[in-house]
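Tertiary structure, described
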Amino acid sequence: MSISPASLSGNPMRSKETLSAVDKAMLVLNAVIAHESSATLAVLTRETGLAKATVHRVLNVLHEHGVVARTEAGYLAGEQLVDAGLSANADLFAIFRRESTPFLLDLHRASGETASLSVLVGDTVHHLNQLYGHRTCRLPEQVAARKTSAESAITRILLAHSSRVPAAVARAKELAAARKTGIATSQCRSGVITTLAVAVPHASVPWPVALAVTGRTGSLDVNSTAKSLRGTAFAFAKHLRVVATRASVLSQEAG
């Protein structure tokens, strides 16, 4: 069970002053994972309710162990944490990365912004592949599909097409709207970053798949990007069906 400021406030015997080092580490790590993109030290300090110096010290330790990565924009989930979550679906994830790259390249060239492929497995959103430039956004490898992260267009469109929505997500109207329109849009809390996401229809896998473009608000042409995303999603879905058919034929011939 994850630790959150809310759970602490509900237990008078568990004030922040009495938290163990492990409690503080889990509190900071959960805050990092809950973000779709890099979170700054100031944001993590506010969300955990811990002292800024404590959060910084914990982040340094987590970084040393590879579970948190540093970027110019802040902190996100590190390679060690990502590797643990990917092992069960490693083969399928590898195929998706390989086959999605040409399609993401088209989106990146058309928009000039970050193009990404994501899937929802259980309660975790995995950003499997992304193409970005020197001055564009970078997404973390994975993020928990919690109530806060459901504010993200990527998580919202994935949840909208999922048969299993985490109990913590209480955004029925927004999910219904995303399912009806086939597209979700969101901005980060500061409003400077905009994300558009669409579901990949009939992707021939047991979990929902999404394509997205993330860029700076104002420089991202929403209408043009939405059109490109829809077209690319259908093209990628068709490509995946061809890949699946080819793999099935080869498997039968080998048998």
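Residues numbered from 1 in each chain as written. Predicted model: local features only at pLDDT ≥ 70, side-chain atom pairs only at ≥ 80, totals over all residues. Heavy atoms only, no water.

Along the backbone of the protein there are nine helices and eight strands. Within the protein, the proportion of its 255 residues that are buried is 46%. Across the protein, every contact between residues at least 6 apart in sequence was considered, and the portion connecting residues at least 24 apart equals 54%. Just so you have it, the protein exposes about 13300 Å², and 55% of that area is on carbon and sulfur atoms. (Helix = DSSP H or I, 4+ residues; strand = E, 2+ residues; numbered from the N terminus. Buried < 20%, exposed > 50% of the residue type's maximum accessible area, 1.4 Å probe, protein only. Contact = heavy atoms within 4.5 Å. Areas by Shrake-Rupley, 256 points an atom, 1.4 Å probe, with all protein chains shown as cover.)

Here we come to the environment of Gly218. Its location among the elements puts Gly218 in the loop between strand 8 (209-216) and helix 9 (222-254). Taking the C-alpha atoms as reference points, Gly218 and Val192, separated by 26 residues in sequence, lie 8.3 Å from one another.

With that settled, consider helix 2 (residues 21-33). Helix length check: helix 2, at 13 residues, gives a terminal C-alpha distance of 18 Å against a target of 18 Å (1.5 Å per residue), a fit within 8%. Among all positions of helix 2, only Asp23, Leu27, Val28, Leu29, Asn30, Ala31, Val32 and Ile33 are buried. (Expected span 1.5 Å × (residues − 1).)

Note that soluble globular proteins tend to have their nonpolar side chains buried in a common cluster. One finds Phe96, Leu107, Leu117, Trp207, Val209, Leu211 and Leu229 to be the most contacted residues of the largest nonpolar core, which totals 25 residues. If you list the elements that add at least two residues to this core, you get helix 6 (90-111), strand 3 (114-121), strand 7 (193-199), strand 8 and helix 9. In terms of nonpolar packing, the next biggest core, distinct from the first, is built from 18 residues, Val32, Val55, Val58 and Tyr75 among them. (Core = buried A, V, L, I, M, F, W, Y, C linked by side-chain atoms within 4.5 Å.)

It is worth spelling out the confidence of the model for the protein at this point. Overall, the prediction assigns the protein a mean pLDDT of 79, with 76% of residues at 70 or greater. Contacts from residues 1-14, a stretch scored under 50 in pLDDT, to residues over four places away or in other chains number 18 contacts. (pLDDT = per-residue confidence, 0-100.)

Let us now look at helix 7 (residues 153-160). Among the eight residues that make up helix 7, eight are buried, leaving the element largely enclosed by the rest of the structure. Those residues of helix 7 that are buried lie in contact with strand 3, strand 4 (124-131), helix 8 (172-181), strand 6 (183-187), strand 7 and strand 8. Two or three places before Ile154, at the start of helix 7, stands the capping residue Ser152, its side-chain oxygen 3.2 Å from that residue's backbone nitrogen. (Polar contact = N/O pair within 3.5 Å; in protein donor to acceptor, adjacent residues only side chain to side chain.)

Now for the packing of aromatic side chains. The full count for this structure, using the stated rule, is four aromatic pairs. On the basis of an interplanar angle of 90° and a centroid distance of 6.2 Å, the ring pair of Phe96 and Phe236 is categorised as edge-to-face. Taken together, the positions of Phe96 in helix 6 and Phe236 in helix 9 put the pair 140 residues apart, joining distant regions of the chain. Here Phe236 falls in the buried class, since its relative accessible area comes to 0%. Cluster of aromatic residues (ring-pair linked, three or more members): Phe93, Phe96, Phe103, Trp207 and Phe236. (Phe/Tyr/Trp six-rings, centres within 6.5 Å; stacked < 30°, edge-to-face > 60°.)

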